[in-house]
Amino acid sequence: MPKSDRHLVLGIETSCDETGVALVRCEPSGGVPALLAHALHSQIAMHQAYGGVVPELASRDHIRRVLPLAEEVLAQAGARLADVDVVAYTRGPGLAGALLVGAGVACALAAALGRPVLGVHHLEGHLLSPFLSADPPEFPFVALLVSGGHTQLMRVDGVGRYALLGETIDDAAGEAFDKSAKLLGLGYPGGPALSLLAQQGDAKAFALPRPLLHSGNLDFSFAGLKTAVLTQAKKLGDALEARKADLAASTEAAIVDVLVHKTLAALHATGLTRVVVAGGVGANRHLRAQLDAACATRRVRVHYPELHLCTDNGAMIALAAAMRLQAGRQQAHCDYAFDVKPRWPLDALEAENP
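Residues numbered from 1 in each chain as written. Predicted model: local features only at pLDDT ≥ 70, side-chain atom pairs only at ≥ 80, totals over all residues. Heavy atoms only, no water.

## Section: the side chain of Glu124
Turning to step 1, where the next piece is worked out: Residue position: Glu124 is located in helix α4 (residues 122-128).
Turning to step 2, where the next piece is worked out: Glu124 has contacts with Val159, Gly160, Tyr162, Ala320, Arg324, Leu346 and Leu349, leaving out every residue within four places of it along the chain. (Helix = DSSP H or I, 4+ residues; strand = E, 2+ residues; numbered from the N terminus. Contact = heavy atoms within 4.5 Å.)

Take a look at the structure:
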């Protein structure tokens, strides 16, 4: 930590359709920061009528929610706003308007308090979020980041020490879930609805493709799977309703097979024996079961965030900021001019914070 008194970090997350605020305490010993309180508001109900996230509505809702959530978090923690030492916010990637809300509020709060501010990479927040679990990982490890917008495999040697191993060349895994669910008429949010329906179906009912499964590299592709689901749905015609659970189960199995296969390949390529799964798709129970089973036979430890921290949240942003400060990877600052980075590769993070 740059200063011994920089111990309470308030984190604000507004990258997409969840408003999250949290307070963490940095440990003087350099251990994992402690989560004191967090609060989250999801916009799912608001966006359901449109079948997806409407960026302008998302931004406006963040404006309404962020300060009441901050007050709720401080009350939970028994702290005052004046007790906050650093204000952290999601700088990117995400929706530009939504990111600007969090950045603007964070910098305004920090300026009013005379405290430093720190912009955080959203994916780094996801990557480090398992450190808040009951079974936190240890460095180094392979990280599988799977969400609606991102599917990546990273080698993680420490805070800020990330190497990209492979990523999707088109749709992310979460997109494959959501778009396939839409093709099946399951509504929004599609991924959880498809997974729930899949529990009633036969995963071997349809032979759907596993794109790039044997490509020899660690990249992903899910656009072709979405097309295959569409083709199969059209073939079924009037019989689709009766076979919908089977098609959902077959779709989920195809996505999970690819994720597990590539993760095992990354472990083999790096020689590491620990894997972290993070991001919204990391909550998928079928993925957890398949990966746990595959890793158990290879004596590989698997770590996940707590289920309630798999989605976007303020806790992961406050944690990432605190861990970067403790590791000396970044300095909080009192320059309250800010920008946001809607597109921001994680492997480019350290180029800006050498």
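## Re the sheet that holds strand β1 (residues 8-13)
Turning to step 1, where the next piece is worked out: Ordered in space as β3-β2-β1-β4-β5, the five strands form an open sheet in which the pairing is mixed. A strand with exactly one partner marks an edge of an open sheet, and here the two such strands are β3 (34-42) and β5 (117-121). Recorded for the sheet is a direction-independent mean angle of 20 degrees between the axes of neighbouring strands.
Turning to step 2, where the next piece is worked out: Relative to β5, strand β4 (residues 86-92) runs parallel, the two being bridged by five bridges. (Pairing = 2+ DSSP bridges. Axes fitted to C-alpha atoms, helices over the stretch in contact; angles between N-to-C directions.)

## Concerning the pattern of salt bridges
Turning to step 1, where the next piece is worked out: Using the criterion set out here, one finds 16 salt bridges in the structure.
Turning to step 2, where the next piece is worked out: The partner of Asp339 in a salt bridge is Arg91, and the shortest N-O contact between them spans 2.9 Å. Residue Asp339 is located in the loop between α10 (314-327) and α11 (349-352), and its partner Arg91 is located in strand β4; the two are separated by 248 residues in the primary sequence.
Turning to step 3, where the next piece is worked out: By relative accessible area, which is 16% here, Arg91 ends up buried. (Salt bridge = Lys/Arg side-chain N within 4 Å of Asp/Glu carboxyl O. Buried < 20%, exposed > 50% of the residue type's maximum accessible area, 1.4 Å probe, protein only.)

## Let's talk about the packing of aromatic side chains
Turning to step 1, where the next piece is worked out: Under the defined criterion, the tally for this structure stands at four aromatic pairs.
Turning to step 2, where the next piece is worked out: Taken together, a centroid distance of 5.2 Å and an interplanar angle of 40 degrees make the contact between Phe131 and Phe139 tilted.
Turning to step 3, where the next piece is worked out: Take Phe139: its relative accessible area is 32%, and that puts it in the partly exposed class.
Turning to step 4, where the next piece is worked out: On the basis of an interplanar angle of 50 degrees and a centroid distance of 6.4 Å, the ring pair of Phe131 and Phe141 is categorised as tilted. (Phe/Tyr/Trp six-rings, centres within 6.5 Å; stacked < 30°, edge-to-face > 60°.)

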